[in-house]
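# Summary of the model geometry
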Amino acid sequence: ETLSATEMAVASPRLSPDENKLVYLQSRVGGPHRSCVKLMLLEFRTRNVKTLVDVVDVPDGNSFPGLYVETLPTRCWSQDGSKVVFSSIWQSRKEILCVDVLSGSVCKISPGSAAIQYMDM
């Protein structure tokens with residue numbers, strides 16, 4: 001089964017701990033490398049696909065600039081399947097981000113001013 005339209009590229013599909021959901025990165029085919037990507041969610045029971053985090057075309061000051069992620073960690077899901085955690089570029093630094101799967105809200109959880117990369121949950 002195809003995850004996206006032919007003009008879209010899909011990367012890093014990651015199955016939730018209960019195996020009922022799949023998150024993946026999506027971008028336009030032929031676009032620039034390392035550009036802003038979408039975080040998508042597929043719910044297997046309903047076959048519903050939704051955008052958890054959309055592309056940010058023009059970031060506003062210190063606000064969320066969008067996702068600049070090449071791959072999701074192999075184990076990026078929280079144990080209860082409610083959150084996805086990974087690293088992304090935010091103002092020229094790698095930050096650890098947490099995305100709530102129900103609301104799509106993004107929060108930065110990196111400590112202090114150190115640049116950190118999330119590897120595994």
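Coordinates for the structure precede this section.
Our subject in this report is the structure included herewith. Since we're looking at a predicted model, the values are computed, not measured.

Within the protein, the regular secondary structure consists of 0 helices and 7 strands. Put simply, the protein runs from its N terminus to its C terminus through helices and strands in the order β-β-β-β-β-β-β. The buried share among the 121 residues of the protein stands at 38%. Sequence-distant contacts in the protein: of pairs separated by 6 or more residues, those separated by 24 or more amount to 36%. Accessible surface computed for the protein: about 7,300 Å², of which carbon and sulfur atoms make up 50%. The centroid of the 13 positive side-chain charges in the protein is displaced by 3 Å from the centroid of its 13 negative side-chain charges.

Within the secondary structure, Ser88 sits in strand E5 (residues 83-90). Given the relative accessible area of 1%, Ser88 is considered buried. Only 2.9 Å separates the side chain of Ser88 from the backbone nitrogen of Tyr68, close enough to count as a polar contact. Filtering out sequence-adjacent residues up to four positions away, Ser88 remains in contact with Gly66, Leu67, Tyr68, Val69, Arg93, Lys94, Glu95 and Leu97.

Here we have 4 strands laid out as an open sheet, ordered E1-E2-E3-E4, and antiparallel in their pairing. The sheet is open, and its two borders are formed by strand E1 (8-15) and strand E4 (48-53), each paired with just one other strand. Between one strand axis and the next, the sheet turns by 30° as a mean value, whatever way the strands run. Relative to strand E3 (residues 38-43), strand E2 (residues 21-28) runs antiparallel, the two sharing 6 bridges. What sits directly across from Tyr24, in E3, is Met40.

Attention now moves to the layout of surface pockets. Roughly 700 Å³ of internal volume is contained in the largest pocket. Lining the largest pocket are 30 residues, with Leu25, Ser35, Val37, Val69 and Glu70 positioned closest to its centre. Across the lining of the largest pocket, the residue classes break down as 15 nonpolar, 10 polar and 5 charged.

With respect to the secondary-structure elements, Lys21 resides in strand E2. Of the side chains with opposite charge, Asp18 lies nearest to the buried Lys21, which makes no salt bridge, at 4.4 Å. Those residues in contact with Lys21 that lie beyond four places of it in its chain are Arg14, Leu15, Ser16, Leu41, Leu42, Glu43, Phe44, Trp77, Gly81 and Val101.

Within the open sheet, the 3 strands sit side by side as E5-E6-E7. Their pairing is antiparallel. Pairing within the sheet leaves two strands with one partner each, and these edge strands are E5 and strand E7 (106-108). Pairs of neighbouring strands in the sheet enclose a mean axial angle of 35°, with direction left out of account.

Tallied over the full model, the rule gives 3 salt bridges. Lys83 is the partner of Asp100 in a salt bridge, and the nearest nitrogen-oxygen pair spans 3.7 Å. Taken together, the residues Asp100 in strand E6 (residues 93-100) and Lys83 in strand E5 connect sequence positions 17 residues apart. The partly exposed category is assigned to Lys83, whose relative accessible area is 31%. With a shortest N-O distance of 2.8 Å, Glu95 and Arg93 are connected by a salt bridge.

The rules behind each value
- Residues numbered from 1 in each chain as written.
- Predicted model: local features only at pLDDT ≥ 70, side-chain atom pairs only at ≥ 80, totals over all residues.
- Heavy atoms only, no water.
- Helix = DSSP H or I, 4+ residues; strand = E, 2+ residues; numbered from the N terminus.
- Buried < 20%, exposed > 50% of the residue type's maximum accessible area, 1.4 Å probe, protein only.
- Contact = heavy atoms within 4.5 Å.
- Areas by Shrake-Rupley, 256 points an atom, 1.4 Å probe, with all protein chains shown as cover.
- Lys, Arg positive; Asp, Glu negative; His and termini not counted.
- Charge placed at Lys NZ, Arg CZ, Asp CG, Glu CD.
- Polar contact = N/O pair within 3.5 Å; in protein donor to acceptor, adjacent residues only side chain to side chain.
- Pairing = 2+ DSSP bridges.
- Axes fitted to C-alpha atoms, helices over the stretch in contact; angles between N-to-C directions.
- 1 Å grid on protein atoms, 1.4 Å probe; cavity = no way out; pocket = protein on both sides within 12 Å on 5 of 7 lines; lining within 4 Å.
- Points joined across faces, edges and corners; volume = space filled by probe spheres on them.
- Nonpolar A, V, L, I, M, F, W, Y, C, P; charged D, E, K, R; others polar.
- Salt bridge = Lys/Arg side-chain N within 4 Å of Asp/Glu carboxyl O.

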